[in-house]
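Inside the fold
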Amino acid sequence: MKRRHTIACSLSNLKGVRDFIRESISEQVTNNITSEDVVLALDEMCSNLMIHAHQCNPDHTIELMLDTTNPNCLVVEITDDGNAFDINAFREPELNNLVNEKRKGGLGIRLVKSIMDSIEYFERNGAKVCRLTKKIQ
Amino acid sequence: MPDIHHNQENNLQVLTISGEIDASSSIDLDQAIARCLTESKNDLLIDCTALNYISSAGLGVFMSYVEEFKNRQSRMIIFGLNPRVAHTFSLLGLSDLLTVAENRTEAEKILNEA
């Protein structure tokens, strides 16, 4: 089954996004740790886009699609007409540098990469799509 | 919205966080820790027993204060992580950089040993 959620780019919507993801994947992903890892990774992806591609403008939207058809693999697509924020091209800071530079960002991408199995970007109908997959055991 | 309470107890400060810390609410955590630093030079215990969720924004806030506490020669100890939140810490391998205790008793033991 495919489920879609259109999200206005306001950080106050993140809680609703997490609830939508939990509910959508509850039947496919029965392991609680895996399920909450996916919720966390997608929270990080959405907040990154809201902040870096849309400057938290609530008039802008992104679309989240969760495809739970394949019992062994969750497929997620985030469609966005802003400037795609390609996390594969982003070099995560070293943890020690985060402490030394008192930086409050950069950890989210590290989390997404450690949780999801693949992250790819492509264009469809003029919009940027980020497709993420997670193998389900 | 998270609930954050600040308590001065003898020669300790205790910050109690409940609810969820994400990119929208991490600013509240940031301001609360900043206030602790302004108000007192005492060690800070952060009680996360009722914290249900944390994303990188909240973890980034903790990390950004590590150096400041070190420079003041006081301690910031986080305790009471539920298994879910502890798992998020472990995904990033933050336990080497942040001081995390099982519970309040262990947190105070770490302070007394230092």
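Numbering of residues starts from 1 in each chain and follows the order in which that chain's sequence is written. Whichever chain is written first is A, and whichever ligand is written first is 1; the rest continue in order. Owing to the predicted nature of the model, reporting of local features is limited to residues with pLDDT of at least 70; listing and counting of side-chain atom pairs is limited to 80 or more, with chain, interface and lining totals taken over all residues.

1. As for the overall build of chain B
The test is simple: Only DSSP runs of H or I with at least four residues qualify as helices, and only runs of E with at least two residues qualify as strands; both kinds are numbered from the N terminus onward. The reference for a compact globule is 2.2 Å times residues^0.38; the radius of gyration itself is calculated from the C-alpha atoms. Residues are defined as contacting one another if the C-beta atoms placed from their backbone atoms lie within 7 Å.
When you go through chain B residue by residue, the secondary structure sums to four helices and five strands. Starting at the N terminus and ending at the C terminus, chain B contains elements arranged as β-β-α-β-α-β-α-β-α. Since a compact globule built from 114 residues should have a radius of gyration of about 13 Å, the 13 Å found for chain B is in line with a globular shape. Viewed in the frame of its principal axes, chain B has a C-alpha envelope of about 30 × 25 × 25 Å. In chain B, the proportion of contacts linking residues at least 24 apart, taken out of those at least 6 apart, comes to 68%.

2. Side note on the overall build of chain A
Just so we agree on the cut-off: To sort residues by burial, count the other C-beta atoms lying within 10 Å of each one's C-beta; a count of 20 or more means buried, 12 or fewer means exposed, and anything in between means partly exposed. C-beta atoms are built from the backbone.
Across its full length, chain A carries four helices and five strands. Mapped in sequence order, the helices and strands of chain A form the string β-α-α-β-β-α-α-β-β. Residue burial in chain A is summarised as follows: out of 137 residues, 36% are buried. For chain A, the share of sequence-separated contacts (at least 6 apart) that also reach a separation of at least 24 residues comes to 65%.

3. A short note on the nonpolar core
Here is the rule: Each nonpolar core comprises buried Ala, Val, Leu, Ile, Met, Phe, Trp, Tyr and Cys residues, the members being joined through C-beta atoms within 7 Å.
Counting 61 residues, the largest nonpolar core has A:V38, A:A41 and A:C46 as the members making the most contacts within it. For this core, the element with the highest residue contribution is helix α2 (residues 32-53) of chain A, accounting for nine residues.

4. Brief notes about helix α4 (residues 107-115) of chain A
Extensive coverage of α4(A) is indicated by the burial of seven of its nine residues. Inspection of α4(A) places A:L107, A:G108, A:I109, A:R110, A:L111, A:V112 and A:I115 among the buried residues, and these make up the whole buried set.

5. Topic: the pairing of strand β2 (residues 12-21) of chain B
Residue and element names in this part refer to chain B. Heads up, the condition is: Strands pair, by our definition, only if DSSP identifies at least two bridges between them. Throughout, right-handed denotes a crossover for which the path from the first strand over the helix to the second runs clockwise when the strands point away from the viewer.
Bridging between strand β1 (residues 3-9) and β2 involves seven bridges; their strand directions are antiparallel. The residue of β2 that forms the bridge with H6 is L15. Sheet topology note: the β2/strand β3 (residues 43-54) ladder contains nine bridges and is parallel. Bridging from a neighbouring strand, G19 pairs with L51 of β3. In terms of handedness, the path from β2 via helix α1 (residues 26-39) over to β3 forms a crossover that is right-handed.

6. A few points about the interface of chain A and chain B
Taken together, the 24 residues of chain A in the interface contact 20 residues of chain B. Secondary structure elements with two or more residues in the side of chain A that touches chain B: α1 (14-25), α2, α3 (95-100) and α4 of chain A. Among the elements that line the side of chain A that touches chain B, the one with the most residues is α2(A), at seven residues.

7. A word on the confidence of the model for chain B
This is how the line gets drawn: One number per residue, pLDDT, summarises how confident the predictor is, and it ranges from 0 to 100.
Residues with a pLDDT of 70 or more make up 99% of chain B, whose mean pLDDT is 94. As scored by the predictor, the complex reaches a pTM of 0.92 and an ipTM of 0.92.

8. A closer look at the environment of B:I27
One can find B:I27 in helix α1. Counting along the chain gives 15 residues from B:I27 to B:L12, while the straight-line C-alpha distance between them is 23 Å.

9. A few points about the sheet that holds β2(B)
Residues and elements named next belong to chain B. Formally: Each axis is a line fitted through C-alpha atoms, taken for helices only over the stretch in contact, and angles between the N-to-C directions span 0 to 180 degrees.
What the five strands build is an open sheet, ordered β1-β2-β3-β4-β5; its pairing is mixed. Since the sheet does not close on itself, it has two edges, and those belong to β1 and β5 (99-101), each with one partner. Put simply, the sheet's adjacent strands are angled 25° from each other on average, direction ignored. Both strand β4 (residues 76-79) and β5 contribute to a ladder of three bridges, which runs parallel. Paired with I78 across the bridge in β5 is V100.

10. Description of the environment of B:I46
All names here are of chain B. Here I46 lies in strand β3. The sequence separation of I46 and P83 amounts to 37 residues, and the corresponding C-alpha distance is 16 Å. With sequence-adjacent residues up to four places away left out, I46 is seen in contact with L15, I17, M76 and I78.

11. Structural notes on the sheet that holds strand β3 (residues 73-80) of chain A
All names here are of chain A. Pairing is antiparallel in the open sheet, where five strands are placed in the order β1-β2-β3-β5-β4. A single partner strand is all that each edge strand has here, and the edge strands are β1 (2-8) and β4 (118-124). The sheet shows a mean angle of 20° between the axes of neighbouring strands, direction not considered. Of the strand pairs in this sheet, strand β2 (residues 61-67) and β3 are connected by six bridges, and their pairing is antiparallel.

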